[in-house]
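Architecture and fold: a report
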Number of protein chains: 2
Amino acid sequence: MANKNGVEWSIRVGDGSLVVLEPEHKNGVMRLWDRLKGLVVKFVTKVWKFLKQAWDLGVDDPRKVFHCLKVGVALMVVSLFYYMRPLYDGVGGSAIWAVMTVVVVFEYTVGGTLYKCLNRICATFLAGFLALGIHWVASHSGHRFEPYIMGISLFVLASATTFSRFIPVVKARFDYGCTIFILTYSLVSVSGYRVEHLLNVAHERLSTIIIGTCLCIITSMLVFPVWAGKELHLLIPRNMDKLAKSLDCCVADYFGHGDDESKKTLNGYKCVLNSKASEEAMANFARWEPAHGRFNFRHPWKNYLKIGASSRSCAYCIETLTSCLDSKNQVPESIKNHLSSACMNLSSSSSSAMRELAKIVSTMTRSAKIDMVVEEMKNAVQELQNDLQSLPDLLIQPHDVVVKEEESTTPNSPDKTTELVQSEVTVMPLMEVIPLVSFASLLIETASRIEESVVKAVEELAESARFKQAEDEMKPKHNQTTSKIASDEV
Amino acid sequence: MANKNGVEWSIRVGDGSLVVLEPEHKNGVMRLWDRLKGLVVKFVTKVWKFLKQAWDLGVDDPRKVFHCLKVGVALMVVSLFYYMRPLYDGVGGSAIWAVMTVVVVFEYTVGGTLYKCLNRICATFLAGFLALGIHWVASHSGHRFEPYIMGISLFVLASATTFSRFIPVVKARFDYGCTIFILTYSLVSVSGYRVEHLLNVAHERLSTIIIGTCLCIITSMLVFPVWAGKELHLLIPRNMDKLAKSLDCCVADYFGHGDDESKKTLNGYKCVLNSKASEEAMANFARWEPAHGRFNFRHPWKNYLKIGASSRSCAYCIETLTSCLDSKNQVPESIKNHLSSACMNLSSSSSSAMRELAKIVSTMTRSAKIDMVVEEMKNAVQELQNDLQSLPDLLIQPHDVVVKEEESTTPNSPDKTTELVQSEVTVMPLMEVIPLVSFASLLIETASRIEESVVKAVEELAESARFKQAEDEMKPKHNQTTSKIASDEV
């Protein structure tokens, strides 16, 4: 396009509008200014988005905000100590270790903090002790050999400890301890060569670390504590409930009873698919926690992991089940109607079994209803299987019986053909039914996984954690007795 | 049991043998000795098992041993510096920070080390700068306000930084940096109140950290480097191969062609189910790595995660598929034989498609064969669907046609019944076939996931990482040309 003043370039952007490019004679400063403005706007929107995300996070779980305030308070307290001289005068420049400990050791959960604290103290103690011993041996073997002995011992210990971190058991329980062990050993052994008051270094470091860890433990345990064990205890039934909801939504959607809102609920199972890592981390931390709430020190956290694994195996099934939703429209309505009630029944009984199991875990009370609910689920499986069994009757639709009778006038003629009954059998194409059949059998598989694996895992937990007996269990018995007495009286 | 000398107690242990309990008059020292011996034996066997596990780990992956030796060497070198005075004279007591940096920063992969090094340097620089600035402001606002300003700034910064660690993006890329930021800020601000040479503290700390990180980076990059990117690049196709093998084994086992050795191969898919966390960690580290081998600095590692996710969705399907193995004996052999070849064909074409895709990823070369292989897989799906469609013919077995003809002497009598053709139809119980039908439809689902999700993800990677064109692609064209010329000549 050309106008009288010169050439004007325009460009058609994504939304169809024309943007006129700025003519060349616009001065350079202005263009730079525009570009800068663009950058600033981009930066501000990015920061805004980040802040929005952070705000949502805080609103979603205010305990995270409390955790941050706790860290701030702990650091303030330890640095106040430092300002106010008692800690400083006591252990001198080493007081910095107390500050450092607080920064490094404070974790979100009590278990995480305890894990780090205990690892730090034990590893520091062990490494300091060992460094002092080897330093003593080295200093008694002559000035010439001293650096060699110290160097080689450092090499061997550091290598061995680093290697041990690859071993799963050590990795899970003592990973942080290993780092601190190497750190302390190298610090003490290296300064040991210079500083004459070696015992003092070791003693100061240990005592400041103890001050720091005590402060952390107290803050994390007494001010709005977040217990890893309790978190795990809440997470497992929450995941089970999500599975139950997903299952319900999926089957309702298949038979056309779903609404738009259920899409989000349907995808709940996805959280469960990848929950292994976080469950294991929580169980690892929970191991370090003292008795709290309804949990003893040696609460069987491992059993929670088993329940988690078995709910995950159900989640795999549900994942495959949801992919059947794509083919739901291939199935003829008549066949769907035939199985719909049995499928809905099975899904609702499976999900109520899952919910009942979740309730057992979350209330830590055995359920009187669970046997009944599982029995109901089994019956629903049987019902669905019966309906599947009667499917062929539907598939083979006997058409109108055609009766042809050609009565010839001469009854004895050889070409007489009398077809009184001819039943024509039409078989509905099996391909149209297969998606529904496989959907139904996946439902049955899900139910059997709940029955075989989840129920078992929950029972094991109930056994090893000595869950309370259900209160309602007494009532029916009482009712029975009274009715018996009543009938005796009558 | 009682003998003449007194009472002897025996106990029947698990394996059925009788163990005679030691009589009371055995002296106390001996019993203590026995108990001690038991404890020692138990301890020794435990240590032995632990060592065995460590040995196996080292034999399994010698690079882990190299890593440990590298850590040892790096620590030795940095402490030698310390012994030999250059580092010590240059920066004095702060040299200890160099040692500390090496211990804390050295990770197994180059990416992990770089992530920690860069985080450490940047966070230290930023926090030091900020602390100096705020200290300057505080010292100019009067002696009375100084501790308050320092304390409050520490509280705010520590809380905010701790909170930002909860945000997923920050957690993935700057988690370590956040810790170091708080650490450095609190160290500098706390010592700033005491030490007069504040600039010196900051400068020394920064320079020693740079010495430590440089040593770590050099050691980890030059001596037997383990690149996170390369590991991820190897892991993804390895997992895909495992899936292919599992699929083959599962189908072979279902139709009775499996052997005992295949059990282990069958379970290969389980590694893939829970690989998300490690894949993400590797991709996070790989982001920090410079160009190495065939990978540029901005290699699209995210696409590897996509491939990982889509192979995982196949793994969920295979997991459900393997649970069908329990019901394989319910299906009548005749029906199994009908579908066996189509199923075997589909599984082998799916697994070869998976292998071809794995090959594309591992060789970073587009394949000329892939379209053909996917086409073959589609054909196999069609073949299986056809076989399923013809299943009803098998299910409905027309029995011997019964021809009954009652010819009455009086042709016109009303009770004359002439049944010339009566076809009796028996339907095989559908319940026996359902397990096989759902097995087949799961196989089809697996194939469709490979086609829709894995192929797409691999293509995206090939696109964004600009994979080489396959060499064989030229050959057919060349042949075509020559044959064209030949035909022209004729």
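These numbers were taken from a predicted model, which means no experiment stands behind them. (Residues numbered from 1 in each chain as written. Chains lettered and ligands numbered in written order. Predicted model: local features only at pLDDT ≥ 70, side-chain atom pairs only at ≥ 80, totals over all residues. Heavy atoms only, no water.)

**A few points about the pattern of salt bridges**
Put simply, the rule reads: Salt bridges are identified by distance alone: a Lys or Arg side-chain nitrogen within 4 Å of an Asp or Glu carboxyl oxygen. What counts as a helix is a DSSP run of H or I of at least four residues, what counts as a strand is a run of E of at least two, and both are numbered from the N terminus. Think of it in three bands: with a 1.4 Å probe and only protein chains considered, a residue is buried below 20% of the maximum accessible area for its type, exposed above 50%, and partly exposed in between.
Using the criterion set out here, one finds 34 salt bridges over all chains in the structure. One salt bridge in this structure joins Lys336 of chain A and Glu333 of chain A, with 3.9 Å as the shortest N-O distance. Of this pair, Lys336 of chain A and Glu333 of chain A both sit in helix α14 (residues 333-363), three residues apart, which is roughly one turn of that helix. Across the pair Glu319 of chain B and Arg449 of chain A runs a salt bridge, and its minimum N-O distance is 2.8 Å. Here Arg449 of chain A lies in helix α17 (residues 430-464) and Glu319 of chain B lies in helix α13 (residues 301-323), a pairing that spans two chains. For Glu319 of chain B, a relative accessible area of 11% translates into the label buried.

**As for the relation of the copies chain B and chain A**
Our working rule: Copies overlap after least-squares fitting; the atoms used are the C-alpha atoms of residues with pLDDT of at least 70 in both.
Mapping chain B onto chain A calls for a screw motion: a turn of 180° about the axis and a shift of 0.0 Å along it, with 0.0 Å RMSD after fitting. Expressed as a symmetry operation, the mapping of one chain copy onto the other fits a two-fold axis. When each C-alpha of chain B is compared by its distance to the rotation axis, Ser438 of chain B comes out closest, at 2.2 Å.

**A look at the confidence of the model for chain A**
All names here are of chain A. Threshold: Known as pLDDT, the predictor's confidence for each residue is given on a scale from 0 to 100. Every residue pair with non-hydrogen atoms within 4.5 Å of one another is taken to be in contact.
Averaged over every residue, the pLDDT of chain A is 81; the share at 70 or more is 79%. Taken together, the stretch residues 1-7 has pLDDT below 50 and engages in four contacts with residues farther than four places along the chain or on a different chain. Contacts from residues 398-426, a stretch scored under 50 in pLDDT, to residues over four places away or in other chains number 29 contacts. Interface predicted TM-score (ipTM) for the complex: 0.80; the corresponding pTM is 0.81.

**A look at a positive patch on the surface**
The line we're drawing: Patches were defined on residues exceeding 30% relative accessible area and lacking a salt bridge, with like-charge contacts within 9 Å and nonpolar side-chain contacts (Val, Leu, Ile, Met, Phe, Trp, Tyr) within 5 Å. For the area figures, the Shrake-Rupley method with a 1.4 Å probe applies, and any residue is considered shielded solely by the protein chains shown. For the charge count, each Lys or Arg is scored as positive and each Asp or Glu as negative, with His and the chain ends excluded. In this description, the location of a charge corresponds to atom NZ of lysine, CZ of arginine, CG of aspartate or CD of glutamate.
There is a patch of like positive charges on the surface, built from Lys42, Lys46 and Lys49 of chain A together with Arg173, Arg287 and Lys302 of chain B. Inspection of the secondary structure assignment puts Lys42 of chain A in helix α1 (residues 28-60).

**Observations regarding the side chain of Asp175 of chain B**
With respect to the helices, strands and loops of the structure, Asp175 of chain B is situated in helix α7 (residues 168-192). Apart from the residues within four sequence positions on either side, Asp175 of chain B is in contact with Tyr115, Arg165 and Val170 of chain B.

**Some thoughts on the packing of aromatic side chains**
Think of a pair of aromatic rings as described by two things: how far the centres are apart, and how the planes are tilted against each other in angle. Counted only if it meets this: By convention, a stacked pair of Phe, Tyr or Trp rings (six-membered ring in the case of Trp) has centres within 6.5 Å and planes under 30 degrees apart, an edge-to-face pair has planes over 60 apart, and any other such pair is tilted. By definition, being over a ring means that NZ of Lys or CZ of Arg is both within 6 Å of the ring centre and within 35 degrees of the ring normal.
Inspection of the entire model under this criterion finds 25 aromatic pairs over all chains. Look at Tyr115 of chain A and Trp288 of chain A: their rings are 5.8 Å apart centre to centre, the planes differ by 55°, and that puts the pair in the tilted class. Taken as a pair, Tyr115 of chain A in helix α5 (residues 110-139) and Trp288 of chain A in the loop between α12 (276-286) and α13 (301-323) lie far apart in primary sequence, 173 residues in all. A relative accessible area of 19% means that Trp288 of chain A is categorised as buried. Here the aromatic rings of Phe163 of chain B and Phe166 of chain B are separated by 6.3 Å at their centres, their planes lie at 70°, and the arrangement is edge-to-face. Here the two residues Phe163 of chain B and Phe166 of chain B agree in accessibility, since each one is buried. Between Lys116 of chain B and the ring centre of Tyr176 of chain B, over which it is positioned, the NZ or CZ distance is 4.8 Å. Across the ring face of Phe145 of chain B, the terminal group of Arg144 of chain B is positioned such that the distance to the ring centre comes to 5.8 Å.

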